[in-house]
Amino acid sequence: MISEDIAKKIKPGAVVRVFEGTAPFQGIVIARKHGNEPGASFTVRTILAAVGVEKNFPIHSPSITKVEIISSPKKIGRAKLYFVRKISGRKIRQKLGVSI
């Protein structure tokens, strides 16, 4: 279960490492949905073997053991960063100021 301090820091544009089960999943948060209510979730995107992979994680899931915030974004002007699906990693770094 994620603590409230960490849950507040999970914002679109943040690079996070999510520990669920055995292997951690590291990537950029592209969406945060439903605030802090019981159905709240966040979407993390990364590139694995030259293929974009996205995973949705429920915030209140007991299977998530730990979430590390690798870097926080500079000011982001959007709530959902779905446009990163269509642009390269270099352009993501230029627009958001984070590296995946």
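Read on for an overview of the structure. (Residues numbered from 1 in each chain as written. Predicted model: local features only at pLDDT ≥ 70, side-chain atom pairs only at ≥ 80, totals over all residues. Heavy atoms only, no water.)

## Here we look at the overall build of the chain
Heads up, the condition is: Helix numbers and strand numbers start at the N terminus; a helix is a DSSP run of H or I with at least 4 residues, a strand a run of E with at least 2. For every residue, the accessible area (1.4 Å probe, protein chains only) is compared with the maximum for its type, and the residue is labelled buried under 20%, exposed over 50%, or partly exposed between those bounds. Here, residues are in contact when the closest pair of their heavy atoms is within 4.5 Å. In this tally Asp and Glu are treated as negative and Lys and Arg as positive; neither His nor the chain ends contributes. Note on charges: their place is set at NZ of Lys, CZ of Arg, CG of Asp or CD of Glu.
Helices and strands together make up the secondary structure of the chain, namely two helices and five strands. Shown N-terminal to C-terminal, the secondary structure of the chain runs as helices and strands in the order α-β-β-β-β-β-α. Based on the C-alpha atoms only, the size of the chain along its principal axes is roughly 35 × 30 × 20 Å. Evaluated residue by residue, the chain yields a buried proportion of 34% over its 100 residues. Summarising the internal contacts of the chain: among those between residues at least 6 apart in sequence, 50% fall at separations of at least 24. A gap of 14 Å separates the mean positions of the 19 positive and 6 negative side-chain charges of the chain.

## Some thoughts on the nonpolar core
For clarity, the cut-off: Take the buried Ala, Val, Leu, Ile, Met, Phe, Trp, Tyr and Cys residues and link them wherever side-chain atoms come within 4.5 Å; each set so joined is a nonpolar core.
Counting 15 residues, the largest nonpolar core has I2, V16, V18, F42, V44, F57 and V67 as the members making the most contacts within it. If you list the elements that add at least two residues to this core, you get β1 (15-20), β2 (24-33), β3 (41-48) and β5 (64-71). The contact partners of V16, leaving out residues within four places of it in the chain, are F25, Q26, G27, V29, V44, V67, E68, I69 and I70. Formed by eight residues, the second largest nonpolar core is a distinct cluster that contains I30, L81, I92 and V98.

## Regarding a positive patch on the surface
We apply this condition: Patch members must show over 30% relative accessible area and no salt bridge, and they are joined within 9 Å when carrying like charges or within 5 Å when they are nonpolar side chains of Val, Leu, Ile, Met, Phe, Trp or Tyr. Per-residue and other accessible areas follow the Shrake-Rupley method at a 1.4 Å probe size, with only the shown protein chains counted as cover for residues. Each reported salt bridge corresponds to a side-chain nitrogen of Lys or Arg within 4 Å of a carboxyl oxygen of Asp or Glu.
A surface patch of like charges, here positive, comprises R78, R90, K91, R93 and K95. Inspection of the secondary structure puts K91 in helix α2 (residues 89-96).

## A short note on the pairing of β2
Spelled out, the test is: DSSP calls a pair of strands paired once it identifies at least 2 bridges connecting them.
Burial runs high along β2: seven of the ten residues are buried. Taken together, the five bridges between β1 and β2 define a ladder with antiparallel strand orientation. The residue bridging V16 from the neighbouring strand is G27, located in β2. The hairpin turn running from β1 into β2, its antiparallel successor, is three residues long, and G21 in that turn takes a positive phi close to 75 degrees.

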